[in-house]
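Residue-level structural notes
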Amino acid sequence: MRFEHETLPQRVHFASGDARAAVRTEVERLGGARVMVIATARQAERAKSVTADAPVVVHHDDVAMHVPLATAERARAAAARHDADVLVCVGGGSTTGLAKAVALTSGLPIVAVPTTYAGSEATSVWGLTEGGRKTTGVDARVLPRAIVYDATLTLTLAVPMSVASGLNALAHCVDSMWAPRTDPVDQALAGEGIRALAAGLPAVVAGPSVIEGREQMLYGAYLSAVAFSSAGSGLHHKICHVLGGRFDLPHAQTHAVVLPYVLAFNAPAAPHAERRIAEAFGTGSALEGLQRLRRAVDAPTALRDYGLGEPDIDDSVPAILEAAPADNPRPVTADGVRVLLRAAWEGADPATAGVRPWSRHTGVPE
Ligand SMILES: NC(=O)c1ccc[n+]([C@@H]2O[C@H](COP(=O)([O-])OP(=O)(O)OC[C@H]3O[C@@H](n4cnc5c(N)ncnc54)[C@H](O)[C@@H]3O)[C@@H](O)[C@H]2O)c1
Ligand SMILES: O=C(O)CCC(=O)CC(=O)O
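Residues numbered from 1 in each chain as written. Chains lettered and ligands numbered in written order. Predicted model: local features only at pLDDT ≥ 70, side-chain atom pairs only at ≥ 80, totals over all residues. Heavy atoms only, no water.

With that out of the way, let us pick up the site of ligand 2. Near ligand 2 the following residues occur: Val 125, Trp 126, Gly 127, Lys 134, Thr 136, Asn 168, His 172, Phe 228, His 237, His 241, His 251 and His 255. Within the contact set of ligand 2, an oxygen atom lies 2.9 Å away from a side-chain nitrogen or oxygen of Lys 134. At a threshold of 2 Å from the grid points, most atoms of ligand 2 map onto the largest pocket. Looking at the shell around ligand 2, the elements that each hand over two or more residues are strand E6 (125-130), strand E7 (133-138), helix H5 (159-176), helix H8 (235-247) and helix H9 (251-266). Looking at which element gives the most residues to the shell around ligand 2, the answer is E6, with three residues. Of the residues assigned to the shell around ligand 2, the class counts are three nonpolar, eight polar and one charged. In this structure, the shell around ligand 2 is formed jointly by two domains, domain 1 (11-154) and domain 2 (159-346), each of which donates at least three residues. (Near = heavy atom within 4 Å. Polar contact = N/O pair within 3.5 Å; in protein donor to acceptor, adjacent residues only side chain to side chain. 1 Å grid on protein atoms, 1.4 Å probe; cavity = no way out; pocket = protein on both sides within 12 Å on 5 of 7 lines; lining within 4 Å. Sits in = over half its atoms within 2 Å of the grid points. Helix = DSSP H or I, 4+ residues; strand = E, 2+ residues; numbered from the N terminus. Nonpolar A, V, L, I, M, F, W, Y, C, P; charged D, E, K, R; others polar. Domains from an automatic or database assignment.)

It is worth spelling out the site of ligand 1 at this point. If you check the shell around ligand 1, you find 25 residues, and the closest are Ser 94, Thr 115, Thr 116, Thr 123 and Lys 134. Within the contact set of ligand 1, an oxygen atom lies 3.0 Å away from a backbone nitrogen or oxygen of His 66. Between a nitrogen atom of ligand 1 and a main-chain N or O atom of Leu 153, the distance comes to 2.9 Å. Protein contact buries 86% of the 860 Å² of open area that ligand 1 shows by itself. (Areas by Shrake-Rupley, 256 points an atom, 1.4 Å probe, with all protein chains shown as cover.)

Below, the structure written as C-alpha cells:
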C-alpha cells in the first residue's frame, strides 16, 4: 500500500448545549481580544448568545450564498475597520464561507459554529463567485482553527433544509470515493460518514427536535467534510459549483438532486467505490441505497423545481466539461453531461434515464 494523506490541524468540540463555553475557550486559546462575529440577520440573536463571553467588537450580518466577491470585500473591510483578531462564524455554509473569504486575505483565525450539515467548517476549501462564475480553491489559512458542534443549534433547521443539507454532506462522502486525491483514509471516513448520515437523516425527519438524530448528522457531516477536503472535488462537486455559480441555485438542494445521477453515471466505471458505498448503506448496490434513503426522507428530485431553466442545460455543458476532473472514473463527454443534466432537470429515474453503464471499449454509454 502506498499513499500520502494529510490530516488537517483542527480542534473539534462536540458540545451539545454548550457552544457558549466552548467558543469562549477557543477564543481564549487563540488570544482573541477583538472578535468579529459573522452570522445572518436571522441567526443574529443566536450568535449573540453563543459569543456572549467573548470580546466581540463587531457583529456582521451581510451574508450571501456562494459568497459573491462584493460581499466578501465588505466583510474584509469590516474586519480591517474594527481591527478584528479572531473571526467567529455562527451559521450554515454561507456564513462559514464568508469567514473563510476574510481569512483568505487577512490570515485571521476562525472559530466555526455550524448550524447546517454543509461541512465547510472542516475543510480548507474556499469559494467565491463573481460574474456568474464560482471559483474554488484550497488554502490552509481558511481552515477554521476550531469547530464547535452544538446540536441544539440545529433543532430550528426546518426538515426540508435538513434533508437537503444532509444530502450535501452525503455527496461529500460519495464524491470522495473517486475524487482526484482520494486515498484509503478518505474512503474509510466517507464510509463511516455515509453510515452516520443514512441513520441520522431518517431520525431527523421522524423527530426533528430529538437531539440524538441531530448529533448523528453533525458527526456524519464532520466526517464527510474531512474526507472531501482531503480527496478534493470530484465530478459531482464540479457540476454543482458550475450550476450554483452560474444560476445562483440553492446549494444544498442542487447537491441533493444531482447526486444520484452522478452516482449512476460513475458507478459502472468505479466498481470499488460502488461497493464501498453499497456496503455503507447496507444495500445490494450503491444507487439502491441512496435512492432508498432519498425516498425515505422525501428528498428534492428535480433541478427545474429550484430555478434551472431548460435552456440552461446546454448552456452549462461547456463549463462543466472545462471543470470536470481529468481522471474521473468515466470519461466526461458533452453528450454524457447533457443526458445527466436533463435527467436531473426533469427528475427522471437515474437508474433508467439514459445515465447508463459505460463501455470501457468505446468510452461512451452503452
Ligand atoms: N467550502 C466548503 O468546504 C463548503 C462545503 C459545503 C458548502 N459550502 C458553501 O456553503 C454554502 C451553502 O451552505 P448551506 O447549505 O449550509 O446554506 P446556508 O448557509 O445558506 O443556509 C441555508 C438556509 O438555512 C438557514 N439556516 C442555517 N442554519 C439554520 C438553523 N440552525 N436554523 C434555521 N435556519 C438555519 C440560513 O439562514 C439559510 O436561510 C454554499 O455557498 C456552498 O458553496 C462550502
Ligand atoms: O466554498 C465553496 O463554495 C466551495 C466548496 C463547496 O461548496 C463544497 C460543496 O460543493 O458542497
